[in-house]
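Overview (structure and organization)
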Amino acid sequence: MPERKAQDKKLSLTLPVEEGPYYKAGSPERRNIVDPGTPGTKLIVEGRVLDSMGKPIVHAWLDFWSADGRGHYDNAGYNLRGHQYADEDGRYRLETVRPHEYLMRSPHLHVKVRAGESAPVLTTQLFFPGEKTNATDYLFEQGTLVAVKETRDGQTAFFDFVIETE
Ligand code: FE
């Protein structure tokens, strides 16, 4: 095996943020997690899942859940909950609505990401730039801020996950 050189650049792993009280296992497999009539601005989230060497993780598992545009979670059903698998290039694409703040929490999207069935699960939260409540949310994490672009009918947010594969 070739020796790894000191200057080989490793990406930093995406930082975990606590799961919170509203995760539900068993979400449906879907890229669009918005049931009809859900309040909120349309939001696309896209990016890649990578290992620390920057290599795409083919078919990585991602499970998203979030509050709607009024800060409400569906704890009875599975609205705004869904899992998906990254494609051959490690890309994922989520269709959702922009979550609203609730209680002491700044707007955020919850997600679990895993390279494969025997790999560790990253549980984290994505945050949005320019939200005043980012400054007062005790869970806010600068490292998981998405980049947001305004589109014709909503917004697109970009975020690449870097996770452990074993
Ligand atoms: Fe939450």
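1. Looking at the overall build of the protein chain
For the protein chain, the count of helices and strands is 0 helices and 9 strands. Structurally, the protein chain occupies a C-alpha span of about 55 × 35 × 35 Å along its principal axes. Considering the protein chain as a whole, with its 166 residues, one finds that 46% of them fall into the buried category. The long-range share in the protein chain, meaning contacts at least 24 apart out of those at least 6 apart in sequence, stands at 72%. Of note, the protein chain has its 21 positive side-chain charges centred 3 Å away from the centre of its 25 negative side-chain charges.

2. Details of the nonpolar core
One finds V45, V49, L62, Y92, F161 and I163 to be the most contacted residues of the largest nonpolar core, which totals 26 residues. Mapped by element, the contributors of at least two residues to this core are β1 (42-50), β2 (61-66), β4 (91-97), β5 (108-114) and β6 (121-127). Those residues in contact with L62 that lie beyond four places of it in its chain are V49, G82, H83, Q84, A86, Y92, K112, V113 and F161.

3. A short note on the packing of aromatic side chains
Going through the model one piece at a time under the given rule, you end up with 8 aromatic pairs. An aromatic cluster is defined as three or more aromatic residues linked by ring pairs; in this entry it consists of F64, Y92, F159 and F161. The ring of Y78 is capped by K24, whose NZ or CZ atom sits 4.0 Å from the centre of that ring. Directly above the aromatic system of W61 lies the positively charged group of R114, at a separation of 4.8 Å from the ring centroid.

4. Focus: the coordination of the iron ion
In ideal tetrahedral geometry, four donors around a metal make angles of 109.5 degrees, whereas ideal octahedral geometry with six donors gives angles of 90 or 180 degrees. Donor atoms from the polypeptide that bind the iron ion are Y73 (OH), Y102 (OH), H108 (NE2) and H110 (NE2), placed at 1.9 to 2.1 Å. Its 4 donor atoms give the iron ion angles of 90 to 158° at the centre, a pattern that matches the irregular case. Counting along the primary sequence, the residues that act as donors to the iron ion give the motif Y-x28-Y-x5-H-x1-H. Residue Y73 is found in the loop between β2 and β3 (81-85), and its partner Y102 is found in the loop between β4 and β5; the two are separated by 29 residues along the sequence. Each member of the pair, Y73 as well as Y102, is classed as buried.

5. Let's talk about the pattern of salt bridges
One pass over the structure, following the stated rule, counts 8 salt bridges. Across the salt bridge formed by R30 and D35, the nearest N and O atoms sit 3.3 Å from each other. The partner of R93 in a salt bridge is E95, and the shortest N-O contact between them spans 3.2 Å. Classification of R93 as partly exposed rests on a relative accessible area of 35%. Classification of E95 as partly exposed rests on a relative accessible area of 25%. One network of salt bridges, in which partners are shared, links E46, R93 and E95.

6. A few points about the sheet that holds β5
Spatially, the 4 strands line up as an open sheet ordered β3-β2-β5-β6, and their pairing is antiparallel. The outermost strands of the open sheet, each flanked by one partner alone, are β3 and β6. When strand polarity is set aside, the average angle formed by the axes of neighbouring strands in this sheet is 20°. Direction of pairing for β2 relative to β5: antiparallel, over a ladder of 6 bridges. If you follow W65 over to β5, its bridge partner there is H110.

What counts, and where the lines are drawn
Residues numbered from 1 in each chain as written. Predicted model: local features only at pLDDT ≥ 70, side-chain atom pairs only at ≥ 80, totals over all residues. Heavy atoms only, no water. Helix = DSSP H or I, 4+ residues; strand = E, 2+ residues; numbered from the N terminus. Buried < 20%, exposed > 50% of the residue type's maximum accessible area, 1.4 Å probe, protein only. Contact = heavy atoms within 4.5 Å. Lys, Arg positive; Asp, Glu negative; His and termini not counted. Charge placed at Lys NZ, Arg CZ, Asp CG, Glu CD. Core = buried A, V, L, I, M, F, W, Y, C linked by side-chain atoms within 4.5 Å. Phe/Tyr/Trp six-rings, centres within 6.5 Å; stacked < 30°, edge-to-face > 60°. Lys NZ or Arg CZ within 6 Å of the ring centre and 35° of its normal. Donors = N, O, S within 2.8 Å, 3.2 Å for Na, K, Ca; no water. Tetrahedral: all angles 85-135°; square planar, octahedral: opposite > 155°, others 65-115°. Salt bridge = Lys/Arg side-chain N within 4 Å of Asp/Glu carboxyl O. Pairing = 2+ DSSP bridges. Axes fitted to C-alpha atoms, helices over the stretch in contact; angles between N-to-C directions.

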